[in-house]
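# Results of the structural survey
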Amino acid sequence: MGNSELIEGVPAKDMANALRALAMDAVEQAKSGHPGMPMGMADAATVLFSKFLKFDPSEPRWPDRDRFVLSAGHGSMLLYGLLHLSGYADMTLDEIKRFRQLGSRTAGHPEYGHASGVETTTGPLGQGLANAVGMAMAEAHLNARFGDELVNHRTWVIAGDGCLMEGVSQEAIALAGRQKLNKLVVIWDDNSISIDGAVSLSDATDQKARFAASGWTTLSCNGHDMADVARALETATKSDKPVLIACKTTIGYGAPKKAGTAKVHGEALGAEELAAAKAALGWPHGPFEIPDNVRAAWRKVGARGAGAREEWAQRLKRSQRKDAFAAAMSGSAEGAVAALGMHAAKVAAEKPALATRASSGAAIDAMFEACPELLGGSADLTGSNLTLAKGSSDFTPENRGGRYIRYGIREHGMAAAMNGMALHGGVIPYGGTFLVFSDYSRPAIRLAALMGIRVIHVLTHDSIGLGEDGPTHQPVEQLAALRAIPNLYVFRPCDAVETAECWQAALLMEDGPSALALSRQAAPAQRTDASENLSLRGAYELLPAEGGPSRVALFATGTEVSLAVQARATLQAQGIPTRVVSAPCFELFDMQDEAYQDAIIGADDEVRIGIEAAVGQGWFEAFGLDAFIGMSTFGTSAPAKDAYAEFGITADALVQTAKALLESE
């Protein structure tokens with residue numbers, strides 16, 4: 001198709017210019033935003049949406065729709081314009097006019113859940129590209145499970161120079177290349193401009209060579225020649241590998257003075273330049289004014305997908321797999337939750353003394369077959385994380401039905417890909433690494449929390465208890481750092497029962513991601529009754545005080561619960577009534593009613609001490625402590641027992657601290 005070709009009776013260039021005009025007008029009215037990218041990519045986006053993208057605005061959540069990810073999220077007005085013009089009901093013209101205003105659907109960067117058609121939250125560059133890899137993996141897996149009749153769609157990405165500079169992009173493209181995700185197409189807005197100026201100021205990478213070296217097909221096109229764009233997109237659909245299209249564009253296309261410069265990247269054009277740009281583009285219309293014929297043509301483009309969606313609905317209705325498909329897309333983990341309940345009862349009776357990472361591995365084994373949606377993996381630490389379920393097979397190009405992903409040493413790419421899987425739907429992703437390396441995953445974990453999606457991070461080797469690997473691998477500040485992220489559930493179970501309960505809780509928390517912090521060293525059994533999931537309370541009384549009202553309350557998580565139990569025995573023997581509170585999840589405890597919290601925290605005349613082999617940030621606020629025993633420095637290379645003694649994280653330290661506080665009253 002050429003720029004003069006008609007789309008639904010309207011010149012293609014007018015369709016694209018409608019997108020440019022909305023972007024210019026919205027940014028101008030907000031006096032904030034990024035007009036340059038939408039102006040530069042309007043032609044390519046028009047071709048993609050009018051000729052290739054499978055979508056239906058009347059059913060935005062249609063499971064077999066193509067996924068479109070605007071990884072270059074600063075160009076959000078391109079996406080909002082596309083959604084508005086093609087007929088998404090909630091993306092009204094009023095919302096376009098409220099761009100970047102409080103409470104609008106048109107946030108500065110696209111935010112998942114704010115508007116239909118926004119497949120993921122983007123803005124932190126590279127994240128959308130990595131999410132798209134996860135989406136493509138989910139599609140490939142579900143296609144193997146349910147067949148072409150129910151799952152057969154593509155994932156399209158528009159990414160900018162910044163997306164390709166971010167390190168996560170290399171992790172993502174290497175993973176996609178290894179997996180030969182041939183339904184993934186990345187359209188690179190190759191405009192050679194970043195905020196500071198020319199890309200050449202900071203980067204000389206041959207991006208096509210980089211992608212090719214990672215196992216991708218690479219193509220090029222003139223982003224302002226719609227026929228050339230269509231040629232490249234058509235060629236991409238025939239590749240047996242993921243595809244990068246280097247789409248050469250001019251940022252701010254049409255702006256007489258600012259086009260091709262950094263000035264048009266992140267600020268309004270100004271009234272004079274905006275008027276000149278519209279004149280240069282042949283767009284003689286006022287602010288937010290779209291001619292009826294152009295709007296009608298775009299609505300017809302949006303309506304094209306209804307037929308394909310209705311045909312799909314009929315195939316689903318006839319399919320023998322329709323119930324299984326509906327269950328998968330519902331996100332329910334009922335089977336896994338039930339299996340974990342039975343497993344918790346079993347380990348409560350058996351009382352194993354296991355590292356909680358081993359307890360987690362046993363929990364995964366117990367629930368894996370009961371929940372076919374579970375899709376696991378590890379960042380090259382399978383034997384340490386114990387994330388591979390017995391009898392499961394690897395997800396590979398030859399075995400798309402496999403349910404275990406070898407992510408390689410790519411923690412950030414893994415976390416971002418899992419976000420994409422969760423957003424796609426139909427799978428429940430979990431992935432493992434060491435807790436200390438959650439720092440590599442943090443940007444993606446934060447975005448999962450922001451989006452409110454269920455992704456489960458299995459983070460083993462959770463303290464100085466990992467021992468001889470030393471302070472580079474011993475997490476000290478990571479628990480506090482993760483707990484600081486809003487809407488992230490951080491679990492640190494103390495034994496096999498709590499580990500099963502925390503897995504249950506993570507599966508039940510569909511409104512946000514979870515992190516399971518698990519030990520390398522063995523943890524003695526504490527719970528002998530699994531009739532109720534007490535971990536869902538966040539904190540609960542594990543052992544009561546005996547011989548009178550409690551005078552000391554010991555709050556602990558994970559492997560330090562056993563130290564609290566030992567200290568309680570000593571204090572009780574000395575006539576000091578002491579209780580122990582296990583606190584596997586601060587976030588869930590904070591959600592309990594005030595009466596329950598008050599009962600767990602206890603009376604004001606009670607001495608309250610916390611213990612965790614980590615820094616103490618968050619502990620005093622959560623439980624009103626009088627003292628905390630933990631870490632204030634980095635760890636050391638030594639056997640676990642020696643490391644605990646070196647830093648004074650012992651049962652005796654709890655006893656001495658409690659007695660000193662009681663004596664000072």
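Quick caveat, the model's predicted, so the values are computed rather than measured.

Right, let's talk about the overall build of the protein for a bit. Along the protein, the regular secondary structure elements total 26 helices and 22 strands. Taken over C-alpha atoms, the radius of gyration comes to 28 Å for the protein, in line with the 26 Å a tight globule of 665 residues would show. C-alpha extents for the protein along the principal axes are approximately 90 × 55 × 45 Å. Residues classed as buried in the protein amount to 61% of the 665 residues present.

A separate point is the pairing of strand S5 (residues 184-190). Residues in a regular strand project their side chains so that they alternate between the two faces of the sheet. Of all seven residues that make up S5, seven are buried, and the element is covered over most of its length. Side chains Leu-184, Val-186, Trp-188 and Asp-190 of S5 all project onto a buried face; the interleaved residues Val-185, Ile-187 and Asp-189 project onto the opposite face, where all are buried too. Two strands pair when backbone bridges link them, and strand S4 (residues 155-160) and S5 are joined in this way by six bridges, in the parallel orientation. Of the residues in S5, the one forming a bridge with Val-157 is Val-186. Where S5 and strand S9 (residues 243-248) come together, six bridges link them in parallel fashion.

Here we take up the side chain of Asp-161. Along the polypeptide, Asp-161 turns up in helix H6 (residues 161-165). Within the buried core, Asp-161 has no salt-bridge partner, and the shortest N-O distance to an opposite charge, that of Lys-248, equals 7.2 Å. Within polar-contact distance, the side chain of Asp-161 engages the side chain of Trp-188 at 3.1 Å.

This brings us to helix H20 (residues 496-508). For H20, which comprises 13 residues, the first-to-last C-alpha distance of 19 Å matches the rise-based estimate of 18 Å (1.5 Å per residue) to within 8%. Buried residues of H20: Ala-496, Val-497, Glu-498, Thr-499, Ala-500, Glu-501, Cys-502, Trp-503, Gln-504, Ala-505, Ala-506 and Leu-507, and no others. One side-chain oxygen of the residue at the start of H20 lies 3.2 Å from the amide nitrogen of Val-497, identifying that residue as Asp-495.

A few words now on the pairing of strand S20 (residues 578-582). Buried residues dominate S20, accounting for five of its five residues. Burial along S20 is two-sided: Thr-578, Val-580 and Ser-582 facing one way and Arg-579 and Val-581 facing the other are all buried. By the bridge criterion, three bridges tie strand S18 (residues 540-543) to S20 in an arrangement that is antiparallel. Looking across to S20, one finds that Tyr-540 is bridged to Ser-582. Where strand S19 (residues 552-556) meets S20, five bridges bridge the pair, whose relative direction is parallel. Counted as the bridge partner of Val-552 is Thr-578 from S20.

Okay, the environment of Val-347 next. Position of Val-347 among the secondary structure elements: in helix H14 (residues 334-350). Separated by 169 residues in sequence, Val-347 and Leu-516 have C-alpha atoms that sit 19 Å apart. Once residues lying within four places of it in the same chain are set aside, the contact partners of Val-347 are Pro-352, Ala-496 and Val-497.

On to empty space enclosed by the protein. Taken as a whole and assessed by the stated rule, the structure comprises two cavities of 30 Å³ or more. Space inside the largest cavity adds up to approximately 90 Å³. Lining the largest cavity, in full, are Phe-49, Leu-53, Phe-55, Pro-60, Arg-65, Asp-66, Phe-68, Leu-79, Leu-83, Tyr-88, Gly-117 and Glu-119. Class assignment of the residues belonging to the lining of the largest cavity gives a composition of eight nonpolar, one polar and three charged. Quantified by volume, the second largest cavity comes out at close to 40 Å³. Lining the second largest cavity are Phe-68, Val-69, Leu-70, Leu-79, Pro-110, Val-118, Glu-119, Thr-120 and Thr-122. Among the elements that line the lining of the second largest cavity, the one with the most residues is strand S3 (residues 67-70), at three residues. Among the residues forming the lining of the second largest cavity, the class breakdown is six nonpolar, two polar and one charged.

Let us now look at the packing of aromatic side chains. This structure, assessed with the given rule, holds 18 aromatic pairs. A centroid spacing of 5.7 Å and a plane angle of 50 degrees characterise the contact between Trp-619 and Phe-623, whose relative ring orientation is tilted. Here Phe-623 and Trp-619 lie together in helix H24 (residues 619-623), a separation of four residues that amounts to about one turn. A relative accessible area of 0% means that Trp-619 is categorised as buried. Ring pairing ties together the aromatic residues Phe-555, Phe-586, Phe-589, Tyr-596, Trp-619, Phe-623 and Phe-628, which thus form one cluster. If you follow Arg-403 out to its NZ or CZ, it ends over the ring of Phe-368, 3.7 Å from the centre.

Inspection of every chain in the model, using the stated rule, returns zero disulfides. Between Cys-163, a cysteine without a disulfide, and Cys-247, which holds the nearest cysteine sulfur, the sulfur-to-sulfur distance is 14 Å. We classify Cys-163 as buried; its relative accessible area is 0%. Free of any disulfide, Cys-221 has its nearest neighbouring cysteine sulfur in Cys-247, separated by 3.8 Å. Taking the relative accessible area as the measure of exposure, Cys-221 reaches 7% and is therefore buried.

Here is what the cut-offs are and how they apply
Residues numbered from 1 in each chain as written. Predicted model: local features only at pLDDT ≥ 70, side-chain atom pairs only at ≥ 80, totals over all residues. Heavy atoms only, no water. Helix = DSSP H or I, 4+ residues; strand = E, 2+ residues; numbered from the N terminus. Rg over C-alpha atoms; globule rule 2.2 N^0.38 Å. Buried < 20%, exposed > 50% of the residue type's maximum accessible area, 1.4 Å probe, protein only. Pairing = 2+ DSSP bridges. Lys, Arg positive; Asp, Glu negative; His and termini not counted. Salt bridge = Lys/Arg side-chain N within 4 Å of Asp/Glu carboxyl O. Polar contact = N/O pair within 3.5 Å; in protein donor to acceptor, adjacent residues only side chain to side chain. Expected span 1.5 Å × (residues − 1). Contact = heavy atoms within 4.5 Å. 1 Å grid on protein atoms, 1.4 Å probe; cavity = no way out; pocket = protein on both sides within 12 Å on 5 of 7 lines; lining within 4 Å. Points joined across faces, edges and corners; volume = space filled by probe spheres on them. Nonpolar A, V, L, I, M, F, W, Y, C, P; charged D, E, K, R; others polar. Phe/Tyr/Trp six-rings, centres within 6.5 Å; stacked < 30°, edge-to-face > 60°. Lys NZ or Arg CZ within 6 Å of the ring centre and 35° of its normal. Disulfide = S-S within 2.5 Å.

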